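Residue-level structure breakdown
Okay, here's what each chain looks like letter by letter:
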Amino acid sequence: MTNTTFAELGFSEPICRALAAENYSAPTPIQMRAIPHLLQGKDLLGIAQTGTGKTAAFALPILQKLGKPQQRVAPKSAHALVLAPTRELAVQIGQSFAAYGRHLALRHAVILGGVSQGSQVKALARGVDILVATPGRLLDLVEQGHVRLDDVKFLVLDEADRMLDMGFIHDVRRILAKLPRQRQSLLFSATMPNDVARLAADLLREPERVEVTPQVVTVDRIEQRVFFIPAAQKHALLVDLLKDDDMSRVIVFTRTKNHANRVNDYLGHAGVAADVIHGNKSQNARQRALERFRTGDARVLVATDIAARGIDVEGVSHVVNFELPNEPESYVHRIGRTARAGKSGIAFSFCDQSERGLLRDIERLTKRPLAIEAPRAISADAAPVKAPHQGKRETPHGKAAPRKPEQGAFRRRRQAPRGKSSKVA
Ligand code: AMP
């Protein structure tokens, strides 16, 4: 946080009042650095993750600009378009606009797939100042003639890397082709793979680049331990560890989608109630997996880094780094899923010979060595009888010891988000 106030950044009284009600006393670093450029009308490339305050960084300047001159929005049109990769994120962004703009007379709508389009079409009929959308449903509605994008003055592409990871690139490009050339564009992404850099180059004109490093979570309350173990024994070790009932709600991270599937299958065969979440899964499948994890129907959630971003589930007892991440920052991000809300947590890392360098990078970043776990004799019944992908890399042998899946150990916390539209005020 900084000493500057939102009023000093140039925000109007109704916006400052709304921010005070949210207990935002000062801008976060990304807000501090991005907002002046955005208020000046510049394009922006923001490299930042969820948790940095990036939503307000783009939402506040848009509200400030749209809140001023009373430009009426035409029917079936929008003045600001925010594209987000997932329903959860779109709903969250819509809620932020509603909160920050509660004293402004602006309308917003959230457009998402997987729910009936009737109420969304109705909300768009009069036109909206701010439209938050996932790409597929938006394109559908544009093609059916329910919304036009030729009056968009502000475009935000949020979590662009996740958008590409989830295969939305064609939809996004088709949407971009329908926008007027004269507009202010913003692109946010946590990482900058080549595809995202290309998209940014096509989309942005002389952008300001603002990068904030991920907030380092308090890792002090997290017990961090490492197993030095051959890759071929990792599956069996995981099943063995899961015999401990204290591992009540566990996120297992892998580096790739394939490995995530493999671990999930292996756990399934071992009788562990697990589910998997990664970028090749449909939105519905991911939503279901998350819900099962939240309710406790799935005791283990296997995830890749990008798909796991933004998962905010309470009471995660353990994080397992089945494979160490390439970026040490991801390690901090991963283990931060446990020890939330003042609780303690445990993070296990499985490190094979090829990952020693990654471990050194992690220890350099966190400035503390991980506690080394003694090698353990993995009991024969830790490995299932019939494991998927049997082969050299894995050691399935012995008898499976089916566990009773944990049923309903945790109560459902909240409903899956639904499509909605509302007046901002
Ligand atoms: P985001 O990165 O946009 O998902 O924001 C992460 C969290 O930070 C959200 O819970 C916001 O409500 C909160 N937040 C954003 N900006 C501020 C601020 N200036 N002061 C305090 N909290 C903030």
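See the structure printed just above.
Report follows, based on the coordinates.

1. What to know about the overall build of the chain
Of the regular secondary structure elements, the chain holds 16 helices and 15 strands. Sorting the 425 residues of the chain into buried and exposed places 53% on the buried side. Contacts in the chain between residues far apart in sequence, at least 24 positions, make up 78% of those at least 6 positions apart. Only carbon and sulfur atoms are counted for the fraction: they give 49% of the accessible area of the chain, which is about 18600 Å².

2. Quick look at the pattern of salt bridges
Scanning the entire structure with this criterion turns up 22 salt bridges. The salt bridge involving arginine 174 is made with glutamate 143; its shortest N-O contact spans 2.4 Å. Highlighted residues: arginine 174 in helix α9 (residues 169–176) and glutamate 143 in helix α7 (residues 135–143), separated in sequence by 31 residues. A single salt-bridge network, built from bridges that share partners, covers Lys54, Asp158, Glu159 and Arg162.

3. Let's talk about the site of the ligand
Near the ligand, the surroundings consist of 13 residues, among which Tyr24, Gln31, Gly51, Gly53 and Thr55 are the closest. One nitrogen or oxygen atom from the main chain of threonine 52 is found 3.1 Å from an oxygen atom belonging to the ligand. With respect to the ligand, the backbone of lysine 54 contributes an N or O atom lying 3.3 Å from an oxygen atom. Across the shell around the ligand, the residue classes tally to five nonpolar, seven polar and one charged.

4. A look at the packing of aromatic side chains
Aromatic rings considered in pairs are described by the distance between their centres and by the relative angle of their planes. In this structure the tally under the stated criterion is seven aromatic pairs. Geometrically, the ring pair formed by phenylalanine 58 and phenylalanine 97 is tilted, given 6.4 Å between the ring centres and 50 degrees between the ring planes. One end of the pair, phenylalanine 58, is in helix α4 (residues 54–67); the other, phenylalanine 97, is in helix α5 (residues 87–100), with 39 residues separating them in the sequence. Residue classification places phenylalanine 97 among the buried residues on the basis of a relative accessible area of 0%. Judged by centre distance (5.8 Å) and plane angle (50 degrees), the ring pair of phenylalanine 322 and phenylalanine 350 falls under tilted. Of the two residues, phenylalanine 322 sits in the loop between β12 (318–321) and α15 (328–335) while phenylalanine 350 sits in strand β13 (residues 345–351), which places them 28 residues apart along the sequence. Assessed through its relative accessible area of 0%, phenylalanine 350 is described here as buried. Ring pairs connect the aromatic residues Phe227, Phe322, Phe348 and Phe350, which therefore count as one cluster. Looking at lysine 234, its charged tip hangs above the ring of phenylalanine 322, at a distance of 5.9 Å from the centre.

5. Looking at the sheet that holds strand β9 (residues 250–254)
Pairing between sheet strands relies on hydrogen bonds along the backbone, with the strands arranged either parallel or antiparallel. Judged by pairing direction, the sheet is parallel, and its seven strands sit side by side in the order β10-β11-β9-β12-β13-β8-β14 without closing on themselves. On the outer flanks of this sheet lie β10 (274–277) and β14 (371–372), each paired with one strand and no other. Here strand β8 (residues 222–228) runs beside β13; their pairing, made up of seven bridges, is parallel. Within the sheet, the bridge partner assigned to phenylalanine 227 lies in β13 and is phenylalanine 350. Against the sheet, helix α12 (residues 257–269) touches β9, β10 and β11 (300–304), its axis set at about 165 degrees to β11. The sheet contacts of helix α13 (residues 283–295) involve β9, β10 and β11, and relative to β10 the element is tilted by about 140 degrees.

6. Quick notes on the pairing of β8
Pairing between β8 and β14: two bridges, direction parallel. Counted as the bridge partner of arginine 225 is alanine 371 from β14.

Reading the values: rules and limits
- Residues numbered from 1 in each chain as written.
- Predicted model: local features only at pLDDT ≥ 70, side-chain atom pairs only at ≥ 80, totals over all residues.
- Heavy atoms only, no water.
- Helix = DSSP H or I, 4+ residues; strand = E, 2+ residues; numbered from the N terminus.
- Buried < 20%, exposed > 50% of the residue type's maximum accessible area, 1.4 Å probe, protein only.
- Contact = heavy atoms within 4.5 Å.
- Areas by Shrake-Rupley, 256 points an atom, 1.4 Å probe, with all protein chains shown as cover.
- Salt bridge = Lys/Arg side-chain N within 4 Å of Asp/Glu carboxyl O.
- Near = heavy atom within 4 Å.
- Polar contact = N/O pair within 3.5 Å; in protein donor to acceptor, adjacent residues only side chain to side chain.
- Nonpolar A, V, L, I, M, F, W, Y, C, P; charged D, E, K, R; others polar.
- Phe/Tyr/Trp six-rings, centres within 6.5 Å; stacked < 30°, edge-to-face > 60°.
- Lys NZ or Arg CZ within 6 Å of the ring centre and 35° of its normal.
- Pairing = 2+ DSSP bridges.
- Axes fitted to C-alpha atoms, helices over the stretch in contact; angles between N-to-C directions.

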